[in-house]
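Here's the letter readout for the chains.
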Amino acid sequence: MDIRFEKTSCPKEKPESSTLGFGKFFTDHMFMMDYSREEGWHDARIIPFGPLQIHPACTALHYGSEIFEGLKAYRRADGKVQLFRPIENIRRMNNSAERLCLPQIPEDLALEVLTTFVKTEQDWTPTANGTSLYLRPFMFGNDETLGVHAVHHATFVIIASPVGSYYKEGINPVKIMIESEDVRAVRGGTGYAKCGGNYAASNRAGERAEKKGYSQVLWLDGVERKYIEEVGAMNVMFKIAGKIVTPMLSGSILPGITRKSCIEVLKKEGYEVEERLLSIDELDAAMKDGTLEEAWGCGTAAVVSPIGELCYKDVKYTVNEGKIGAVTQKLYDTLTGIQWGKIEDSFGWTYQID
Ligand SMILES: *Cc1c(COP(=O)(O)O)cnc(C)c1O
C-alpha cells in the first residue's frame, strides 16, 4: 500500500531519558488509515502528531467500539532498533477486532505499516538502560451516526511514546489487592479482547486499591469470584511447591504475549508449567502453608513484575519476604536480554527494523 508522508515542519526536542515515565511524551508523527465497507483500508498516511478530528456522533465515543495494542521498539547495543514478536500483536488485534465487529487488517499490511512507521520514528527510540519506544496501535468505529449497528467506517492509528521503566520503583516487588466485589470480564464477554471498555470497567476497583496503597488489582472470575484471572494490565503467574501455575486462557483473560513468552522460556528451562484453574482457596492455602514461593505479573509495559504482597479481604500476605524470587529474576533477565538484543534470541522472537 502507498503510504503518504507529510513531514512535520516543527520537530520536537527529545526528552531527557530520566524524565520519560510512561506515555507522557509522543514522537513527531503518527500513522493513520481509514476503513469503509466500500473502499476497505485506504488513505494510509504518516502525518505530524496532533489532535484527531472526529464527528461528535463517532461510534467509539458513544458505543465504545475501540481496541488497542501495546508493543515496544528496543534499541540494541549496536544501535539498531528491533521489535518483539510483532506478528503476535497483529494477530491479537485482529481477534479483538473480530469480537467488537471492527474490520480486520491483513497481517502483511499491518506489519508493513507498523514497520514503516517505526522506521520513520526510530530516532525517538531512547538509548538509556531499560528505556524503549512504546508503540500504541488502536482502532475505533468511526461512523458519523447515532444509529446502533455494525461498524461501516473505522480508523486505525499508531502513535509512539519514548518510555522509561513502567514502575517508578524499577523492579521492586509491587503490592497487589485481590478484588472481591467488582469483576473485569466474563466468559462470552470481551475479556480476551484488548479493548478500552475493559479498562473503563476496571477503574473503580483500581482506584479503591490505589487509595489503600496497592498498585494494582488482581481479578477473580466473574461468575463465582473464586478463580484467579489476571492483574490490572498483566497476566499473573505463581510458583507453588516448585511448579509454575498460571490461569488458563478461558475467554475472560487477555492472552498476553509476555505470558506466552514466559511459558516458553520456563518450559525450555525445564520447569513444569500448569495452565489451569487456580482458585483463591488454593492460593490462600499456599500462602498460609508457605508453598507459595513466588508470584509475578507479566506484560509488555512492565515485562515481569514481582509481587511482594497480596491482600485478600483485608488480610495481608507477604510473598517471598517481599523480595524478587529466582524464577522471576531469571524471566526478567531472559526476556529483557532478548528484547534489547543483549543475549542471543534462540526463539526467533525479535524483528529487526533496518
Ligand atoms: C495487554 C494486557 C496484558 C499483557 O499482554 P502483553 O501482550 O504481555 O503485553 C495483560 N492483561 C491485560 C488486561 C492487558 O490489557
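All of these numbers come straight from a predicted model, not from anything done at the bench. (Residues numbered from 1 in each chain as written. Predicted model: local features only at pLDDT ≥ 70, side-chain atom pairs only at ≥ 80, totals over all residues. Heavy atoms only, no water.)

A tally of helices and strands in the protein yields seven helices and 18 strands. A globule of 354 residues ought to have a C-alpha radius of gyration of about 20 Å, and the protein, at 21 Å, matches this closely. Across the 354 residues that make up the protein, the buried fraction comes to 52%. Long-range contacts, defined as pairs at least 24 residues apart, comprise 70% of the intrachain contacts of the protein with a sequence gap of at least 6. (Helix = DSSP H or I, 4+ residues; strand = E, 2+ residues; numbered from the N terminus. Rg over C-alpha atoms; globule rule 2.2 N^0.38 Å. Buried < 20%, exposed > 50% of the residue type's maximum accessible area, 1.4 Å probe, protein only. Contact = heavy atoms within 4.5 Å.)

Attention now goes to unusual backbone geometry. Of note in this structure, Ala241 is not a glycine but carries a positive phi near 50 degrees. At Asn320, a position not held by glycine, the phi torsion is positive, near 50 degrees. Position of Asn320 among the secondary structure elements: in the loop between strand E17 (315-318) and helix H7 (326-339).

With that out of the way, let us pick up a nonpolar patch on the surface. On the surface, a cluster of nonpolar side chains totalling about 250 Å² of accessible area is made up of Leu52, Ile54 and Leu61. Relative to the elements of secondary structure, Leu61 occurs in helix H1 (residues 59-63). Overall, Leu61 belongs to the exposed group, its relative accessible area being 55%. (Patch = residues over 30% accessible without salt bridge, like charges linked within 9 Å, V, L, I, M, F, W, Y side chains within 5 Å. Areas by Shrake-Rupley, 256 points an atom, 1.4 Å probe, with all protein chains shown as cover. Salt bridge = Lys/Arg side-chain N within 4 Å of Asp/Glu carboxyl O.)

Before going further, it helps to spend a moment on the pattern of salt bridges. Scanning the model with the defined rule gives 25 salt bridges in all. Salt-bridge contacts for Asp182 lead to Arg208; the nearest nitrogen and oxygen are separated by 3.4 Å. Of this pair, Asp182 sits in the loop between strand E9 (174-178) and helix H4 (196-211) while Arg208 is found in helix H4, placing the two residues 26 residues apart along the sequence. Residues Glu321 and Lys323 are paired through a salt bridge, measuring 2.8 Å at the closest nitrogen-oxygen approach. Members of the salt-bridge network, linked through shared partners, are Arg4, Glu6, Asp34, Asp43 and Arg45.

Once that is clear, we can look at the nonpolar core. Side chains of a nonpolar character, in soluble globular proteins, are inclined to be buried together. Within the largest apolar cluster, 36 residues are counted, with the highest numbers of intra-cluster contacts made by Phe31, Trp41, Ile105, Leu135 and Phe156. Residue assignment for this core shows that the elements contributing at least two residues are strand E2 (29-36), strand E3 (40-48), strand E5 (71-75), strand E6 (81-84), helix H2 (86-99), helix H3 (107-121), strand E7 (132-141) and strand E8 (153-163). Considering each element in turn, this core owes the most residues, seven residues, to H3. Discounting residues that sit within four places of it in the chain, Leu135 has contacts with Glu69, Gly70, Leu71, Lys72, Ala73, Leu83, Leu114, Val118, Ile159 and Ala160. Listed in part, the 25 residues of the second largest apolar core include Val174, Met234, Ile240 and Ala302. (Core = buried A, V, L, I, M, F, W, Y, C linked by side-chain atoms within 4.5 Å.)

What surrounds the ligand is a group of 15 residues, the closest being Lys194, Tyr199, Glu230, Thr258 and Thr300. In the environment of the ligand, an oxygen atom lies 2.8 Å from a nitrogen or oxygen atom belonging to the side chain of Arg92. In this structure, Ile257 approaches the ligand through a main-chain N or O atom, which is 2.8 Å from an oxygen atom. When the ligand is considered free in solution it has 380 Å² of accessible area, and contact with the protein chains removes 97% of it. For the shell around the ligand, a count of residues per class yields five nonpolar, six polar and four charged. (Near = heavy atom within 4 Å. Polar contact = N/O pair within 3.5 Å; in protein donor to acceptor, adjacent residues only side chain to side chain. Nonpolar A, V, L, I, M, F, W, Y, C, P; charged D, E, K, R; others polar.)

What follows deals with the packing of aromatic side chains. Scanning the entire structure with this criterion turns up 10 aromatic pairs. Seen in terms of ring centroids, Phe26 and Phe49 are 5.2 Å apart; in terms of plane orientation they differ by 10 degrees. Their pairing is stacked. In this pair, Phe26 is assigned in the loop between strand E1 (4-5) and E2 and Phe49 in the loop between E3 and H1, connecting sequence segments 23 residues apart. Pairing Phe347 with Trp349 gives two aromatic rings, centres 4.0 Å apart and planes at 10 degrees, and the pair type is stacked. Through a chain of ring-to-ring contacts, three or more aromatic side chains come together here, namely Phe31, Tyr35, Trp41 and Phe156. (Phe/Tyr/Trp six-rings, centres within 6.5 Å; stacked < 30°, edge-to-face > 60°.)

When two helices pack together, their arrangement is given by the angle between the helix axes and by the axis-to-axis distance. At a minimum axis distance of 11 Å, the contact between helix H5 (residues 257-268) and H7 shows a crossing angle of 110 degrees. Between H5 and H7, the angle is such that the two are roughly perpendicular. Touching Thr258, Ser261, Cys262, Val265 and Leu266 of H5 are Val327, Leu331, Thr334 and Leu335, all from H7. Class assignment of the residues belonging to the contact of H5 with H7 gives a composition of six nonpolar, three polar and no charged. (Axes fitted to C-alpha atoms, helices over the stretch in contact; angles between N-to-C directions. Parallel < 35°, antiparallel > 145°, perpendicular 65-115°, else oblique.)

Quick look at the packing of H2 against H3 now. The geometry of H2 relative to H3 is characterised by a closest axis approach of 10 Å and an angle of 125 degrees between their N-to-C directions. One way to sum up the angle between H2 and H3 is to call them oblique. For the pair H2 and H3, the sense of crossing is right-handed. For the pair H2 and H3, the contacting residues are Pro86, Ile87, Ile90 and Arg91 in the first and Glu107, Ala110, Leu111 and Leu114 in the second. Grouping the amino acids of the contact of H2 with H3 by side-chain chemistry returns six nonpolar, no polar and two charged. (Left-handed = near helix turned anticlockwise from the far one by under 90°.)

With that out of the way, let us pick up the environment of Ser165. For Ser165, the position within the fold is in the loop between E8 and E9. According to the relative accessible area criterion, Ser165 is partly exposed, its value standing at 43%. It is 15 Å that separates the C-alpha atoms of Ser165 and Gly297, two residues lying 132 residues apart in sequence.

A word on H7. Every α-helical turn comprises 3.6 residues, leaving residues that sit three or four positions apart pointing alike. The end-to-end C-alpha separation of H7 is 20 Å, in line with the 20 Å expected for 14 residues at 1.5 Å each. Burial in H7 covers these residues: Val327, Thr328, Leu331, Thr334, Leu335, Thr336, Gly337, Ile338 and Gln339. Just past H7, the residue Gly341 takes up positive phi, approximately 70 degrees. (Expected span 1.5 Å × (residues − 1).)

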